[in-house]
Amino acid sequence: MKSIIEYISGIYRGLRSLLIGMSVTGKYFFSPRAIVTQQYPENRHGHGKRSKKQLVMFDRFKGEVVMPHDANNQHKCTGCGICEINCPNGTIEIISVSKVGEDGKKKRAIEKHIYRLGMCSFCALCVKTCPSKALEFSQEFEHAVFDRTKLVKVLNKPGSSLMKGVE
Amino acid sequence: MTEEISSVVEVDDQEYIINFGPQHPSTHGVLRFVVNLRGEVVKNLQPHIGYIHRGIEKMCEKLTYQQIIHLTDRMDYLSAHMNNEAVCLCVEKALDIEVPERVKYVRTILDELNRIASHQLWWCSFGMDMGGQTCYFYGLRDREKILDIFEETCGGRLLLSYNTPGGLMWDIHPNFQQRIKDFIKYFRKKLPEYDKILTGNVILQERTKGIGHLSLEDAISYGVTGPTARASGFSCDVRKNYPYSAYDKVDFKEILYTEGDTFHRYLARMEEMRESMKILEQLVDNIPAGDFTAKMKPVVKLPEGEYFQRVETSRGELGVYIISKGDKFPYRIKFRSPNFCNLATMNLMASGFKIADLIAISGSMDLVIPDIDR
Ligand code: SF4
Ligand code: SF4
């Protein structure tokens, strides 16, 4: 007799626990406002039909390293090579040339600031240690390409020059 | 392979050997168990590791102390911030630097956020191992809130690289405190849902109570740490016993159980989330003003000697041992990872139970494979 009561109360307790669990899932099933799923490719530009939020990355998000240029196509990189030394993966390669400046002195300037996105581990050491703050992170995160060579980027734009006043 | 195993373990003609992993979804990574079975019952189990060995310790010998940090992210990726902190604390100890109070507070807060995020992900995957796919969505929904806090302040979501020897990479974001307060308010409401969905569930209870028992003696002699050991009654919380950062200023309870079975390992982690929230509440309003980093030379050179520092990650005790010859690179660096030691008890716990229980047991250990292999 005792075992029968235990058996039945066991079934009751089991069913009750399942119903408690299902009450939570049921609550969300019937309240569409609680949906947190974002429709990814649609919400990129914020005009997808079902997208609730526009996908905006935070300002500090480490997407990829870029070198900002101003309207005159000038950047702040002096070609000192500190970022190259600090990078743990050998992601950055600086190819510099020495140019004769306006005052007649020889000066180092970059020819190419090569950045291999495929090897970057987003540790932010290059951005942090650059003495002239020439680098920063962009919020771009869609890095997939069909060809590996596309991941090797030259950060300084063609024809760009050093900003005035940056040593 | 059969010869290799049978030379170690006696296999009679009633037993057979199967490979569990390395591509099995419930090993959560590339881990291989070689399991001796008699019928459905596990007789012996040998973990085979090394599928994701990257030689992090060796790589560190050619990197400066600032550069090492980003590699420690990739060991136990779910406790990235604690791993970073371990190396930083060790370097600071060696150089005898006192970091500003602000740094200590922010580090502690991020530790606890990281712990909650890690336990949330563990809860999802444990639920899924037990056959409850629903858990995954609830856990990840709440974890997303923490990842947003990380993303806003640190710039990374999983691999933070926010610590640097001497302090932090940059100051916290102005929204940091408000977001944490919102999260605590939100998560206090959502945590009871976890209990309703999984903890009280009859299937989970039947499958975990009394399964995979680990005694206190074994926990100590195998060097098990973290919630796994605390469920067996081994008081091993580094935060409590050897406080670092701001843990000496907060009041929290060390979760201890004596049963040591799978269900209590589960409960220990659930309770830890509540304790972590308590710690966050005590710290979040009191972050002192000040610098976010101590004054450091650009090239960090440790004086000759040997240094050791341990921290409590979400899975147990992580030790960092540095031998320096006075260079800017460590001569040798050794990580004592919690998962490696915890894994050693698998045979002990799983022997005598069914193969389905093996999944419950390995799920309750919360193994992160890259931390085992490094
Ligand atoms: S980006 Fe900065 S650190 Fe790198 S070479 Fe240019 S100026 Fe130097
Ligand atoms: S973020 Fe780190 S890995 Fe990437 S280029 Fe900069 S220093 Fe190198």
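Residues numbered from 1 in each chain as written. Chains lettered and ligands numbered in written order. Predicted model: local features only at pLDDT ≥ 70, side-chain atom pairs only at ≥ 80, totals over all residues. Heavy atoms only, no water.

For the rest of this paragraph, the subject is the overall build of chain A. In terms of helices and strands, chain A carries four helices and seven strands. Traced from its N-terminal end to its C-terminal end, chain A shows the element sequence α-α-β-β-α-β-β-α-β-β-β. Its C-alpha radius of gyration of 28 Å places chain A more than 25% over the 15 Å reference for a compact globule of 167 residues. A burial count over chain A gives 31% of its 167 residues as buried. Total accessible area computed for chain A in this model is approximately 11,600 Å², and 58% of it derives from carbon and sulfur atoms. Charge centroids of chain A, computed over 27 positive and 15 negative side chains, lie 9 Å from each other. (Helix = DSSP H or I, 4+ residues; strand = E, 2+ residues; numbered from the N terminus. Rg over C-alpha atoms; globule rule 2.2 N^0.38 Å. Buried < 20%, exposed > 50% of the residue type's maximum accessible area, 1.4 Å probe, protein only. Areas by Shrake-Rupley, 256 points an atom, 1.4 Å probe, with all protein chains shown as cover. Lys, Arg positive; Asp, Glu negative; His and termini not counted. Charge placed at Lys NZ, Arg CZ, Asp CG, Glu CD.)

Moving on: the site of ligand 1. In the region of ligand 1, 13 residues are neighbours, and Cys 77, Cys 80, Gly 81, Cys 83 and Cys 130 of chain A sit closest. Looking at the shell around ligand 1, its residues break down into eight nonpolar, five polar and no charged. (Near = heavy atom within 4 Å. Nonpolar A, V, L, I, M, F, W, Y, C, P; charged D, E, K, R; others polar.)

Another aspect to go through is the packing of aromatic side chains. Counting across every chain of the model gives 14 aromatic pairs over all chains. Between Phe 29 of chain A and Phe 30 of chain A, the aromatic rings sit 5.1 Å apart at their centres with planes inclined by 85°, giving edge-to-face as the arrangement. A relative accessible area of 67% means that Phe 30 of chain A is categorised as exposed. Note on Trp 122 of chain B and Tyr 266 of chain B: the rings are 5.6 Å apart at their centroids and 50° apart in plane angle, and the pair reads as tilted. Of this pair, Trp 122 of chain B sits in helix H5 (residues 101–129) while Tyr 266 of chain B sits in helix H12 (residues 262–284), and the two are 144 residues apart along the sequence. As far as burial versus exposure is concerned, Trp 122 of chain B and Tyr 266 of chain B are alike and both buried. Site record: aromatic cluster; members linked through ring pairs are Trp 122, Phe 126, Phe 263 and Tyr 266 of chain B. Its guanidinium or amino end placed over the ring of Tyr 186 of chain B, Lys 145 of chain B lies 4.7 Å from that ring's centre, counting from NZ or CZ. (Phe/Tyr/Trp six-rings, centres within 6.5 Å; stacked < 30°, edge-to-face > 60°. Lys NZ or Arg CZ within 6 Å of the ring centre and 35° of its normal.)

Right, let's talk about the sheet that holds strand E4 (residues 106–116) of chain A for a bit. Residue and element names in this part refer to chain A. Across the sheet, which stays open at both edges, the three strands sit in the order E3-E4-E6 with antiparallel pairing between neighbours. The open sheet has two edge strands, strand E3 (92–100) and strand E6 (152–154), and neither has a second partner. The average angle at which neighbouring strand axes cross in this sheet is 25°, direction not considered. As paired strands, E3 and E4 are joined by nine bridges and run antiparallel to one another. Bridge pairing links Ser 96 to Ile 110 in E4. (Pairing = 2+ DSSP bridges. Axes fitted to C-alpha atoms, helices over the stretch in contact; angles between N-to-C directions.)

On to the domain arrangement of chain A, then. Structurally, chain A comprises domain 1 (2–37) and domain 2 (65–162). Here domain 1 of chain A and domain 2 of chain A have C-alpha centroids that lie 58 Å from each other. (Domains from an automatic or database assignment.)

On to the interface of chain B and chain A. Interfaces are frequently sized by the accessible area removed from exposure as the parts join. The interface is formed by 33 residues belonging to chain B together with 25 residues belonging to chain A. For Glu 193 of chain B, the salt bridge identified is with Lys 27 of chain A, shortest N-O distance 3.6 Å. For the pair chain B and chain A, the number of links is 12 residue pairs in polar contact (both at pLDDT 80 or more). Looking at the side of chain B that touches chain A, the elements that each hand over two or more residues are helix H3 (65–72), helix H6 (134–153), helix H7 (176–199) and helix H8 (202–208) of chain B. The leading source of residues in the side of chain B that touches chain A is H6 of chain B, at seven residues. Of the residues belonging to the side of chain B that touches chain A, the class tally is 11 nonpolar, 11 polar and 11 charged. (Contact = heavy atoms within 4.5 Å. Salt bridge = Lys/Arg side-chain N within 4 Å of Asp/Glu carboxyl O. Polar contact = N/O pair within 3.5 Å; in protein donor to acceptor, adjacent residues only side chain to side chain.)

This part covers the pattern of salt bridges. Overall, the coordinates contain 37 salt bridges over all chains when judged by the stated rule. Residues Glu 64 of chain A and Lys 153 of chain A are paired through a salt bridge, measuring 2.9 Å at the closest nitrogen-oxygen approach. One end of the pair, Glu 64 of chain A, is in strand E1 (residues 64–66); the other, Lys 153 of chain A, is in strand E6, and 89 residues separate them in sequence. Relative accessible area serves as the criterion here: at 8%, Glu 64 of chain A is assigned to the buried category. Among the salt bridges present, the one from Arg 141 of chain B reaches Glu 193 of chain B, with a minimum N-O distance of 3.2 Å. Here Arg 141 of chain B, found in helix H6, pairs with Glu 193 of chain B, found in helix H7; they are 52 residues apart in sequence, far enough to count as distant. The pair Arg 141 of chain B / Glu 193 of chain B is uniform in exposure class, with both members buried. A single network of salt bridges, built from pairs that share partners, joins Glu 112, Arg 115, Arg 230, Asp 237, Arg 239, Glu 272 and Glu 312 of chain B.

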